[in-house]
Amino acid sequence: MAETKKENAKPTTGKATSVIDYIVQRLADEGITDCFGVPGDYAFPVCDAVERNPNIRWVGCSNELNASYAADGYARVRGAAMLSTTYAVGELSAINGVMGAKAERSLVYHVVGMPSYQNQRVHKKVHHTFGDGVFGNFVNISAQAACVHAVIDPDNCMIEMERVISEARRNNQPAYIVVPGDHALAPVTPTEVRPVTLKSNEASLEKAVAAIAERVRVAKSIVAFPAFTLQRLRLQKEALHAIEALGCPFATTTMEKCIIDESHPQFAGLYAGALSAEKTRQLVEDAELVLDLGGISLNDETTAGFSGRLDSARFVSVGLNDVRIGEQVFGNVRLADVLAALAKLKSPALPYRRTPDQAQPVNGKPADKITMDSLYSRYAAFIQPGDNVVLETGSASLGLPPMTLADDVRLHIQMLWGSIGWATGATFGVALADPDRRTILITGEGSHQLTANEIGNMGRYGANPIILVLNNDGYMVERALEPYPDWSYNDLAKWRYADLPHALGCVDWITARVETIDELDVAMKAARESKSGAYIEVIGGRMDMPKALAFAHTRIKELYGSDAA
């Protein structure tokens, strides 16, 4: 039976008697209902507080890295997440996932249990240390993965929690909270505090909006880029109102796929440098004004190896806390306030309405072997309104995005940090954060092998994802991104992937191993109809890759600064 959230949960901030009870309840007040983690003796006070608290559930993961990925996925849906690890060995195992959340602005509160202040004070040689009596060796490391951190004690607890939450919300990035075990159990010192309300400086906002309005007034052509941060802050509707008021086309990069429904008449397509549709590329690269709404990431992945022709002088960039126009920066303005002001502007440029696209073909015949051309067109047709789709870095993140997807699809991808294995862990977090939507994971076997053990916890907690794993005999991305694809380090252990769910305890899941299009169609139909989880192992060709990945092979010098990777 799935482990469920505790019943009759009620906020209790202000009534907590211990430091750690206060911390856990304060995070629950931020809307977090699940804490991902791995128990450890220094973290027992954190684990116990979560167990005691009626508003938040402990969600155990197979390892700390998986837990950090799950927390990232959860935060992308809910706006914030809680991660609990123990001192040193636990927190350092999680740090890659937390740093990925920082890179892609996903708000994870990383709470770490630390050896007692008593033992620190007398420099005891204890486990999970270097045996040197020094206990601050790892705080600075974990703090680098966060935008704010605090070492909590009874006297600073209430004040520091408000500071940490405020800064984490301001930047929408992880916070690192570390508390010694004896301090965690001590009574919190009552202090008069008030949650910080983030708002713009009115004078700065007025100047920023006036400067944007002037650029809009004189521009003969405008294109908008709604950024991935809008989804993190749940500001998609506000951005859409601004775009509709201006009447301009908007384009997305892979990181923003489906952030606004692709059926919208102002949608100009996916921008990916030289891989863009010609009309999309012209609209974006020829526009006199490019409105960056939220801070897009024009990195090597989203620009197809820096193959675009974008003039930064034409950009107006609206960040989370400032507006930049050329060399001029307007600080202390919040993204939501700027979007509201933009929704009141009008552009003299002609309003844009796209020509409806032709129906997207689904390629291949039933008896054919599965190819990337037939696979991703079928995935696109399979994805329905209301689905959450998690794409792994690699062939999936390059194969599906060029396809038009249904409205009301939420797509999650780690395009900038690009840590392989992220998507399987993140799928767990996404599925728990949004159980009313079906979560679909599309991944390759190389990435999947890093974190596949988290499938067991998906079954344990009643998640019912549809998992599609491409088995193409090795690391496809690595084979594509170097001149010599056949080095032995690109090979993998030959797992029986379709057997994994049952071996990991998901006995009621539907599983299949498919090699032909007909087998794939039958398996996907059964997966969609299943009330439990479903797992499909898809057999692909060893060097059959999506168009965008094949193109990347031609851009090795641009990607890596040399002729060979």
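All of these numbers come straight from a predicted model, not from anything done at the bench.

Peer 1: Describe in detail the overall build of the protein, supporting the description with residues and values.
Peer 2: For the protein, the count of helices and strands is 23 helices and 19 strands. Overall, the protein is about 70 × 60 × 50 Å in size when its C-alpha atoms are taken along their principal axes. A total of 565 residues make up the protein; the buried ones form 59% of that total. For the protein, contacts bridging at least 24 residues in sequence account for 76% of all contacts bridging at least 6. Summed over all atoms, the accessible surface of the protein reaches about 23100 Å², with 53% contributed by carbon and sulfur. Considering the protein, the positive charge centre built from 55 side chains and the negative charge centre built from 67 side chains are found 4 Å apart.

Peer 1: Summarise the pattern of salt bridges; cite the residues concerned and give the values.
Peer 2: For the structure on display, the rule yields 31 salt bridges. Here Glu-104 makes a salt bridge to Arg-232, at a shortest N to O gap of 3.8 Å. With Glu-104 in the loop between α4 (89-103) and β4 (108-114) and Arg-232 in helix α10 (residues 229-232), this pair connects stretches of sequence that are 128 residues apart. Considered together, Glu-104 and Arg-232 belong to a single accessibility category, that of buried residues. Measuring nitrogen to oxygen at the nearest pair gives 3.0 Å for the salt bridge that ties Glu-167 to Arg-170. In this pair, Glu-167 and Arg-170 both sit in helix α7 (residues 157-171), three residues apart, roughly one turn of the helix. Residue Glu-167 is classed as partly exposed on the basis of its relative accessible area of 26%. In this structure Arg-170 comes out as partly exposed when scored by relative accessible area, which is 29%. Each member of the salt-bridge network shares a partner with another, and the members are Asp-473, Arg-479, Asp-486, Asp-491, Lys-494 and Arg-542.

Peer 1: Give me the lowdown on the side chain of His-110, citing residues and values where you can.
Peer 2: Positionally, His-110 belongs in strand β4. What His-110 contacts, discounting residues up to four positions off in sequence, is Leu-83, Thr-85, Glu-91, Ala-94, Val-98, Ala-175, Tyr-176 and Ile-177.

Peer 1: I'd love a proper account of the environment of Asp-34, names of residues and values included.
Peer 2: Relative to the assigned elements, Asp-34 resides in strand β1 (residues 34-37). Residues within four places of Asp-34 in sequence aside, it is in contact with Ile-56, Arg-57, Val-59, Tyr-74 and Met-82. Side-chain polar atoms of Asp-34 contact the side chain of Arg-57, separated by 2.6 Å. There is a polar contact of 3.4 Å between the side chain of Asp-34 and the side chain of Tyr-74.

Peer 1: Could you give an account of helix α21 (residues 517-529), naming the residues involved and the relevant values?
Peer 2: The terminal C-alpha atoms of α21 lie 19 Å apart, and with 13 residues this matches the ideal 18 Å at 1.5 Å per residue to within 8%. Listed as buried for α21 are Ile-517, Leu-520, Ala-523, Met-524, Ala-527 and Arg-528. Taken end-on, α21 shows its buried residues confined to a sector of 135°, consistent with a single buried face. Exposed side of α21, more than 90 degrees from the buried face: Val-522, Lys-525 and Glu-529 are the residues found there. Its buried side turned inward, α21 meets α14 (372-382), β16 (439-444), β17 (466-471), β18 (510-514) and β19 (534-539).

Peer 1: Could you give an account of the sheet that holds β17, naming the residues involved and the relevant values?
Peer 2: Spatially, the six strands line up as an open sheet ordered β15-β14-β16-β17-β19-β18, and their pairing is parallel. Every other strand in the sheet has two partners, leaving β15 (410-413) and β18 as the edge strands with one partner each. Each strand axis lies, on average, 15° off the axis of its neighbour in the sheet, ignoring direction. Sheet analysis places strand β14 (residues 388-391) next to β16, joined by four bridges and oriented parallel. Each residue of the ladder has a partner; that of Val-389, found in β16, is Ile-440.

Peer 1: I'd love a proper account of the pairing of β18, names of residues and values included.
Peer 2: Moving residue by residue along a regular strand, the side chains alternate between the two faces of the sheet. Two elements, β18 and β19, share five bridges in a ladder whose sense is parallel. Its bridge partner being in β19, Ile-510 is matched across the sheet by Ala-534. The parallel pair β18 and β19 is bridged by α21, and the resulting crossover is right-handed.

Peer 1: Can you lay out the packing of helix α3 (residues 64-78) against helix α16 (residues 422-433) for me, pointing to particular residues and giving the numbers?
Peer 2: At a closest axis distance of 6 Å, the pairing of α3 and α16 adopts a crossing angle of 45°. The orientation of α3 relative to α16 falls into the category oblique. For the pair α3 and α16, the sense of crossing is right-handed. Along the contact surface, α3 presents Asn-66, Tyr-69, Ala-70, Asp-72, Gly-73, Tyr-74, Arg-76, Val-77 and Arg-78, while α16 presents Trp-422, Gly-425, Ala-426, Phe-428, Gly-429, Val-430, Leu-432 and Ala-433. Residues that form the contact of α3 with α16 fall into these classes: 10 nonpolar, four polar and three charged.

Peer 1: Any chance you could break down helix α9 (residues 202-218) for me, citing the residues and the numbers?
Peer 2: Under the 1.5 Å per step criterion, the end-to-end length of α9 is 25 Å for 17 residues, consistent within 8% with the ideal 24 Å. Listing the buried residues of α9 in full gives Ser-204, Leu-205, Ala-208, Val-209, Ala-211, Ile-212 and Val-216. Along the axis of α9, the buried residues cluster in a sector spanning 160°; they form a single face. In α9, the exposed residues that point more than 90 degrees away from the buried face are Glu-202, Glu-206, Lys-207 and Arg-217. You can read the cap of α9 off the contacts: a side-chain oxygen lies 3.1 Å from the backbone nitrogen of Ala-203, and it is on Asn-201.

Peer 1: Please give an account of the environment of Arg-528 that cites residues and values.
Peer 2: Secondary-structure assignment places Arg-528 in helix α21. You can call Arg-528 buried: its relative accessible area is 19%. A sequence separation of 146 residues divides Arg-528 from Phe-382, and the C-alpha atoms of the two residues are 8.7 Å apart. A distance of 2.8 Å separates polar atoms of two side chains, one belonging to Arg-528 and the other to Asp-387.

Peer 1: Can you explain the sheet that holds β4? Please cite residues and give values.
Peer 2: Spatially, β2-β1-β3-β4-β6-β5 is the arrangement adopted by the six strands of the open sheet, whose pairing is parallel. Edge positions in the sheet fall to β2 (57-60) and β5 (148-151), since each has one partner strand and no second. Taking the axes of each pair of neighbouring strands and ignoring which way they run, one obtains an average angle of 20° across the sheet. Sheet strands in contact with helix α2 (residues 44-52) are β1, β2, β3 (81-86) and β4, and its direction is about 130° off that of β2.

Peer 1: Could you give me a rundown of the environment of Met-158, with the residues and numbers involved?
Peer 2: Relative to the helices and strands, Met-158 resides in helix α7. The buried category is assigned to Met-158, whose relative accessible area is 11%. Sequence separation of Met-158 and Asn-140 is 18 residues, and the distance between their C-alpha atoms is 22 Å. When neighbours within four sequence positions are excluded, Met-158 is seen to be in contact with Tyr-22, Val-188, Thr-189, Pro-190, Thr-191 and Val-193.

Rules of the game
Residues numbered from 1 in each chain as written. Predicted model: local features only at pLDDT ≥ 70, side-chain atom pairs only at ≥ 80, totals over all residues. Heavy atoms only, no water. Helix = DSSP H or I, 4+ residues; strand = E, 2+ residues; numbered from the N terminus. Buried < 20%, exposed > 50% of the residue type's maximum accessible area, 1.4 Å probe, protein only. Contact = heavy atoms within 4.5 Å. Areas by Shrake-Rupley, 256 points an atom, 1.4 Å probe, with all protein chains shown as cover. Lys, Arg positive; Asp, Glu negative; His and termini not counted. Charge placed at Lys NZ, Arg CZ, Asp CG, Glu CD. Salt bridge = Lys/Arg side-chain N within 4 Å of Asp/Glu carboxyl O. Polar contact = N/O pair within 3.5 Å; in protein donor to acceptor, adjacent residues only side chain to side chain. Expected span 1.5 Å × (residues − 1). Arc of directions from axis to C-beta. Pairing = 2+ DSSP bridges. Axes fitted to C-alpha atoms, helices over the stretch in contact; angles between N-to-C directions. Right-handed = clockwise from strand over helix to strand, strands pointing away. Parallel < 35°, antiparallel > 145°, perpendicular 65-115°, else oblique. Left-handed = near helix turned anticlockwise from the far one by under 90°. Nonpolar A, V, L, I, M, F, W, Y, C, P; charged D, E, K, R; others polar.

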